[in-house]
Amino acid sequence: MGNLLCCVQIKQSNVAVRERFGKYDDILQPGCHCVPWIFGSNLAGHVSLRLQQLDVRCETKTKDNVFVNVVASVQYRVLADKASDAFYKLSNPRIQIQAYVFDVIRASVPKLNLDDVFEQKNGIAKAVEDELEKAMSAYGYEIVQTLIVDIEPDEHVKRSMNEINAAARMRLATNEKAEAEKIIQIKRAEGEAESKYLSGVGIARQRQAIVDGLRESVIGFSVNVPGTTAKDVLDMVLITQYFDTMKEIGAHSKSSAVFIPHGPGNVRDVAAQIRDGLLQASSHQQS
């Protein structure tokens with residue numbers, strides 16, 4: 001009915017190309033228009049002004065000989081004032097855009113190693129966008145944005161990269177663990193050294209207290225019992241200590257067996273040995 005009345009309707013975000021006797025005449029904006037076909041006017045076609053997106057998957061090789069699939073997403077649209085160029089100059093703009101994307105990616109990626117491709121994907125996207133902008137503007141198209149949305153190496157390469165990363169992290173964890181064990185051993189050694197030092201100080205104080213006690217006993221016994229010498233008192237004290245030791249050994253059922261000569265003469269020898277040791281230690285301290 002619209003064709004009979006020479007009226008056509010153009011939808012929003014679209015324009016129509018009107019021809020007259022096969023020659024370009026005008027661009028019809030959205031709305032209702034009169035196209036008198038009886039005078040040779042007709043609609044050659046419609047052009048969408050909406051933003052469109054084209055995903056291009058390109059396989060190429062990096063500088064270190066790794067094959068990767070690079071996926072570029074190109075967002076483009078027709079310029080309203082150049083709709084006639086977009087309609088007449090290009091029969092398939094998607095194939096044209098894809099060709100330019102292939103050209104730029106395959107010229108840029110082979111100059112980079114695989115790791116650099118991931119780091120410089122924004123630079124690759126910028127190079128693709130600049131090249132497309134220069135080429136497609138002549139055909140009435142605007143390149144709104146270009147993104148590198150995916151860089152996918154071969155499956156074996158990805159597995160190797162993951163293994164390398166895992167090995168590096170394992171090495172780091174091993175070093176940290178070894179460092180922690182080293183610190184623990186150092187602290188343990190410092191603790192043992194401090195413990196032995198304190199134990200030695202305690203033993204030295206204990207022996208000093210024993211010597212002081214013996215000295216006081218000898219002096220007190222000599223004063224209270226006239227006619228006794230320090231040697232007699234020391235022999236008696238040492239013999240008393242000897243019998244106390246024998247008593248302690250026999251009182252504990254879990255004590256290890258100790259075989260020592262025992263008798264009146266042997267007790268005298270033990271006292272002489274202890275006394276000689278104390279005298280030698282005393283002379284060594286005085287010197």
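In this text, all values refer to a predicted model and were calculated from it rather than measured experimentally.

> What is the right way to look at the sheet that holds strand 6 (residues 52–61) in this model?
The strands making up a sheet are joined through hydrogen bonds of the backbone, oriented either antiparallel or parallel. Here three strands make up an open sheet; going across it, the order is 6-7-8 and the pairing antiparallel. With partners counted over all chains shown, the strands left at the sheet margins are strand 6 and strand 8 (141–153), one partner each. Across the sheet, the axes of successive neighbouring strands diverge by a mean angle of 20°, strand direction being ignored. Here strand 6 pairs with strand 7 (residues 67–78) via 10 bridges, running antiparallel. Bridging across to strand 7, Thr60 finds its partner in Val68. On top of the sheet, helix 2 (residues 93–108) reaches strand 6, strand 7 and strand 8; it is set at about 35° to strand 6, its chief contact. In this fold helix 4 (residues 121–136) packs onto strand 7 and strand 8, with an angle of close to 145° to the strand it touches most, strand 8.

> What is the right way to read the packing of helix 2 against helix 4 from this model?
How two helices sit against one another is set out by the angle between their axes and by the gap between those axes. Between helix 2 and helix 4, the shortest axis-to-axis distance is 9 Å and the interhelical angle comes to 135°. Our classification of the angle between helix 2 and helix 4 gives oblique. Taken as a pair, helix 2 and helix 4 cross one another with a handedness that is right-handed. Of the residues in helix 4, those touching helix 2 at Pro93, Gln96, Ile97, Tyr100, Val101, Val104 and Ile105 are Ile124, Ala127, Val128, Glu131, Leu132, Ala135 and Met136.

> When you look at the sheet that holds strand 5 (residues 41–48) in this model, what are you seeing that I'm missing?
Strand order across the open sheet formed by three strands is 3-2-5, with antiparallel pairing between neighbours. Two strands lie at the open edges of the sheet, namely strand 3 (23–28) and strand 5, each paired on one side alone. The sheet shows a mean angle of 30° between the axes of neighbouring strands, direction not considered. Looking at chain direction, strand 2 (residues 14–20) and strand 5 are connected through seven bridges and run antiparallel. Across the sheet, residue Asn14 finds its bridge partner in strand 5, namely Ser48.

> Help me understand unusual backbone geometry in this model?
Note on backbone geometry: most residues besides glycine have negative phi, and most peptide bonds are trans. One non-glycine residue, Phe21, adopts positive backbone phi at about 55°. Relative to the elements of secondary structure, Phe21 occurs in the loop between strand 2 and strand 3. On the basis of relative accessible area, Phe21 is assigned to the exposed category, the value being 65%. Phi at Asn65 takes a positive value of approximately 65°, unusual for a residue other than glycine. By secondary structure assignment, the location of Asn65 is in the loop between strand 6 and strand 7.

> Help me understand the nonpolar core, please; the structure alone is not making it clear to me.
Where a protein is soluble and globular, its nonpolar side chains tend to be buried together. Judged by nonpolar contacts, the single largest core of 34 residues is most densely connected at Ile97, Val101, Ile105 and Leu132. The set of elements that each furnish at least two residues to this core consists of strand 2, strand 6, strand 7, helix 1 (83–88), helix 2, helix 3 (114–119), helix 4 and strand 8. The dominant element in this core, judged by the number of residues it contributes, is strand 7, at six residues. Contact partners of Leu132, with chain neighbours within four places excluded, come to Val74, Ile97, Tyr100, Val101, Ser137, Ile143 and Thr146. Ranked by size, the runner-up nonpolar core spans five residues in total, among them Val8, Ala16, Leu28 and Val35.

> Can you walk me through the pattern of salt bridges in this structure?
Tallied over the full model, the rule gives eight salt bridges. Across the salt bridge formed by Glu152 and Arg57, the nearest N and O atoms sit 3.0 Å from each other. Within this pair, whereas Glu152 is found in strand 8, its partner Arg57 is found in strand 6, the two being separated by 95 residues in sequence. The class of Glu152 is partly exposed, set by a relative accessible area of 28%. In this structure Arg57 comes out as partly exposed when scored by relative accessible area, which is 47%. Its salt-bridge partner being Lys134, residue Glu131 comes within 3.8 Å of it at the nearest N-O pair. On the criterion of helical spacing, the pair formed by Glu131 and Lys134 is a turn pair, its members being three residues apart in helix 4. Among the charged side chains, a salt-bridge network with shared partners connects Arg18, Asp25 and Asp26.

> For this particular structure, what's the right way to read the packing of aromatic side chains?
Any pair of aromatic rings gets described here by the distance separating the centres and the angle formed by the planes. Evaluation of the coordinates by the stated rule reveals three aromatic pairs. Aromatic pair Phe87 and Tyr88: ring centres 5.0 Å apart, planes at 85°, arrangement edge-to-face. A relative accessible area of 38% places Tyr88 in the partly exposed class. The ring centre of Phe102 lies 4.8 Å from the NZ or CZ of Arg106, which sits over that ring.

What counts, and where the lines are drawn
Residues numbered from 1 in each chain as written. Predicted model: local features only at pLDDT ≥ 70, side-chain atom pairs only at ≥ 80, totals over all residues. Heavy atoms only, no water. Pairing = 2+ DSSP bridges. Helix = DSSP H or I, 4+ residues; strand = E, 2+ residues; numbered from the N terminus. Axes fitted to C-alpha atoms, helices over the stretch in contact; angles between N-to-C directions. Contact = heavy atoms within 4.5 Å. Parallel < 35°, antiparallel > 145°, perpendicular 65-115°, else oblique. Left-handed = near helix turned anticlockwise from the far one by under 90°. Buried < 20%, exposed > 50% of the residue type's maximum accessible area, 1.4 Å probe, protein only. Core = buried A, V, L, I, M, F, W, Y, C linked by side-chain atoms within 4.5 Å. Salt bridge = Lys/Arg side-chain N within 4 Å of Asp/Glu carboxyl O. Phe/Tyr/Trp six-rings, centres within 6.5 Å; stacked < 30°, edge-to-face > 60°. Lys NZ or Arg CZ within 6 Å of the ring centre and 35° of its normal.

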